Amino acid sequence: MDDDRVVKVDSASDGAGRAATAAGPLADAAAATVANLPHPSAAPGGCRPDSPGVAASGPPEEHPRAVAVTAARPRAAETGLPKPEPGMRLVGYCCACRCFQELDGSCKDHLRHDRHQMAVILELPIDRPLYRIPAFNWGAFFMPPIWGAGHGQVFAVVLYPIWIMVDNLIWVAVRGQGSPLLAGIALAGTLAFMFFYARTANHVGYLRVIDARSPDEYVAAERRWAVAMGLVAAAMIAFATWYNLTLRA
């Protein structure tokens, strides 16, 4: 993630914050290293839970600049909170707001959501703009079945038979053999569901890859998904129109 440092807060350990920081292109290696480290309280020669945080003894790390692990027992409400490096600030992805928020010294945003409502807390240079996860996912709107299957939401394939049903209702209404009102209601309901799904897609999609991708990487990948799904949707509409006007007629 370029020059920003990652600070992940684990709120499950007795309310104490266990922070792992990783710098630059070594972030992935750092995350893997931290995941394999034993808890400080169980590591002989490591730091004790009641110590302010010391490096564990042992052979030198392959990437000494990539990992720094601290642990602290909560002696007060603010104990164990991550602190930014000089020239950096803390930002967090708030699950209640579904966006990144600036955090104060107590890891709360301007709405007073605390660190327990943050899916991830990151260090960001002071001069860099806040990360932005778009509120609407065009890829999920254009082709929910394909986008959903590619993002671990296989249930979205149920839209395939719904689309076929809506297409049939519109066809019989145009031919004068069905109710235009029913066809309109079915089409409006389907589009409303697709819109709602696209509004929630980025929140679910980002949380799914929050440990593997930076916010910028996720947004760039979703732009590619949007272009691909737009092309697929246009091709499907063109095929359905051709089929209805030639073969079906």
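Computed from a predicted model, the values in this text were never measured in an experiment.

Caption draft 1: Spatial organisation of the packing of aromatic side chains. Tallied over the entire structure, the rule returns 17 aromatic pairs. One aromatic cluster is present, formed by Tyr93, Phe100, Tyr131, Tyr206 and Tyr218 through successive ring pairs.

Caption draft 2: View of helix α6 (residues 215–247). Here α6 spans 47 Å end to end across 33 residues, near enough to the 48 Å set by a 1.5 Å rise per residue. Taken as a whole, α6 has its buried residues at Pro215, Tyr218, Val219, Ala221, Glu222, Ala226, Met229, Ala233 and Asn244. Next to the buried residues of α6 lie β5 (99–102), β6 (118–125), α2 (138–142), α3 (144–150), α4 (159–174) and α5 (180–208).

Caption draft 3: Fine view of the packing of α4 against α5. Two elements in contact, α4 and α5, have axes whose closest approach is 8 Å; the angle formed by their N-to-C orientations is 150°. In terms of orientation, α4 and α5 fall into the roughly antiparallel class. In this structure, α4 meets α5 at a crossing whose hand is left-handed. Mapping the contact onto sequence places Leu159, Ile162, Trp163, Val166, Leu169, Ile170 and Ala173 in α4 and Pro180, Leu182, Ala183, Ala186, Leu187, Thr190, Phe193 and Met194 in α5. For the contact of α4 with α5, the class distribution of residues is 14 nonpolar, 1 polar and no charged.

What counts, and where the lines are drawn
Residues numbered from 1 in each chain as written. Predicted model: local features only at pLDDT ≥ 70, side-chain atom pairs only at ≥ 80, totals over all residues. Heavy atoms only, no water. Phe/Tyr/Trp six-rings, centres within 6.5 Å; stacked < 30°, edge-to-face > 60°. Helix = DSSP H or I, 4+ residues; strand = E, 2+ residues; numbered from the N terminus. Expected span 1.5 Å × (residues − 1). Buried < 20%, exposed > 50% of the residue type's maximum accessible area, 1.4 Å probe, protein only. Contact = heavy atoms within 4.5 Å. Axes fitted to C-alpha atoms, helices over the stretch in contact; angles between N-to-C directions. Parallel < 35°, antiparallel > 145°, perpendicular 65-115°, else oblique. Left-handed = near helix turned anticlockwise from the far one by under 90°. Nonpolar A, V, L, I, M, F, W, Y, C, P; charged D, E, K, R; others polar.

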